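The primary structure of each chain is shown beneath.
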Amino acid sequence: MAGFSKIYCVGGLGGFQGADGINPIEFQIWVGNADRQWLQPHYINRRIRPLGVVKCLIPEGPDDPNALLDACIAFYPEHFRECATLPVVEKRLADTSRLDFHHGKEDIPEEWPQLRTEAWPLFRKLNIFEGRLCLVTIMEEPQWAI
């Protein structure tokens with residue numbers, strides 16, 4: 001069985017300096033778990049497009065420290081447009097729908113580590129909120145006050 005355990009929301013800061021949370025939400029990164037962890041985008045702003053046709057990213061391992069950076073590059077490349085290596089990687093991944101850093105490392109462009117380095121300062125400028133998904137338990141029917 002597989003399911004989602006976490007959501008990252010990427011967007012603007014609501015209220016003064018983010019005091020009111022996130023607003024607007026540009027896109028979400030859903031984190032799924034099964035035999036391997038995976039990340040997939042869910043776009044709120046339909047103008048945002050992924051790198052090529054990438055729909056899924058499998059990190060090197062569960063909760064890999066590079067997973068969120070890799071996902072933001074793959075799912076929001078426009079934010080990283082000033083990275084010199086991005087056009088090369090984009091061309092190599094034009095027809096790739098899944099980036100697999102776990103089993104499919106041979107499909108990851110050799111320039112990806114350089115792209116990570118170039119993207120890091122831009123990544124740090126993103127507003128990212130994390131939500132851990134926990135099942136809500138609904139208790140017995142309350143006794144309503146009359």
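Scoring rules and cut-offs
- Residues numbered from 1 in each chain as written.
- Predicted model: local features only at pLDDT ≥ 70, side-chain atom pairs only at ≥ 80, totals over all residues.
- Heavy atoms only, no water.
- Helix = DSSP H or I, 4+ residues; strand = E, 2+ residues; numbered from the N terminus.
- Buried < 20%, exposed > 50% of the residue type's maximum accessible area, 1.4 Å probe, protein only.
- Contact = heavy atoms within 4.5 Å.
- Areas by Shrake-Rupley, 256 points an atom, 1.4 Å probe, with all protein chains shown as cover.
- Pairing = 2+ DSSP bridges.
- Phe/Tyr/Trp six-rings, centres within 6.5 Å; stacked < 30°, edge-to-face > 60°.
- Core = buried A, V, L, I, M, F, W, Y, C linked by side-chain atoms within 4.5 Å.

Here's the deal with the overall build of the protein chain
Stage number 1. Per the secondary structure count, the protein chain includes three helices and six strands.
Stage number 2. From first element to last, N terminus to C terminus, the protein chain shows the α and β order β-β-β-β-α-α-β-α-β.
Stage number 3. Expressed along its principal axes, the backbone C-alpha trace of the protein chain runs to roughly 70 × 40 × 25 Å.
Stage number 4. Considering the protein chain as a whole, with its 146 residues, one finds that 42% of them fall into the buried category.
Stage number 5. In the protein chain, once contacts between residues fewer than 6 apart in sequence are set aside, the share between residues at least 24 apart is 58%.
Stage number 6. Counting only carbon and sulfur atoms, one obtains 53% of the accessible surface of the protein chain, whose full area is about 9,400 Å².

Describing the pairing of strand β2 (residues 22-33)
Stage number 1. Looking at chain direction, strand β1 (residues 3-13) and β2 are connected through nine bridges and run antiparallel. Along β2, the bridge assignment pairs Tyr 8 with Ile 29.
Stage number 2. Both β2 and strand β3 (residues 37-43) contribute to a ladder of seven bridges, which runs antiparallel. Residue pairing across strands places Gln 28 opposite His 42, the latter belonging to β3.
Stage number 3. Where β2 folds back on β3, the antiparallel hairpin that results is connected by three residues.

Description of the packing of aromatic side chains
Stage number 1. Following the criterion strictly, the structure yields six aromatic pairs and no others.
Stage number 2. Seen in terms of ring centroids, Phe 4 and Trp 38 are 5.6 Å apart; in terms of plane orientation they differ by 65 degrees. Their pairing is edge-to-face. Linking Phe 4 in strand β1 with Trp 38 in strand β3, this pair joins segments that are 34 residues apart in sequence.
Stage number 3. The class of Trp 38 is buried, set by a relative accessible area of 17%.
Stage number 4. For the ring pair Phe 27 and Tyr 43, a centre distance of 5.8 Å and an interplane angle of 35 degrees mean the geometry is tilted. Here Phe 27 is found in strand β2, whereas its partner Tyr 43 is found in strand β3, with 16 residues between them in sequence.
Stage number 5. On the basis of relative accessibility, which here comes to 0%, the residue Phe 27 falls in the buried class.

Details of the environment of Arg 81
Stage number 1. Turning to its location among the elements, Arg 81 is positioned in the loop between α1 (67-75) and α2 (86-92).
Stage number 2. You can call Arg 81 partly exposed: its relative accessible area is 35%.
Stage number 3. Residues Arg 81 and Arg 47, 34 residues apart in the sequence, show an inter-C-alpha distance of 15 Å.
Stage number 4. When neighbours within four sequence positions are excluded, Arg 81 is seen to be in contact with Leu 86 and Glu 90.

Digging into the nonpolar core
Most often, soluble globular proteins have nonpolar side chains that are buried together.
Stage number 1. Phe 27, Ile 29, Leu 39, Phe 75, Phe 80, Leu 99 and Trp 112 are the most contacted members of the largest nonpolar core, which totals 34 residues.
Stage number 2. Only β1, β2, β3, α1, α2 and α3 (112-123) provide two or more residues apiece to this core.
Stage number 3. Tallying contributions element by element places α1 first for this core, with eight residues.
Stage number 4. Excluding its chain neighbours within four sequence positions, the residues that come into contact with Leu 39 are Ile 29, Trp 30, Val 31, Lys 55, Cys 56, Leu 57, Pro 59, Ala 67, Ala 71 and Phe 75.

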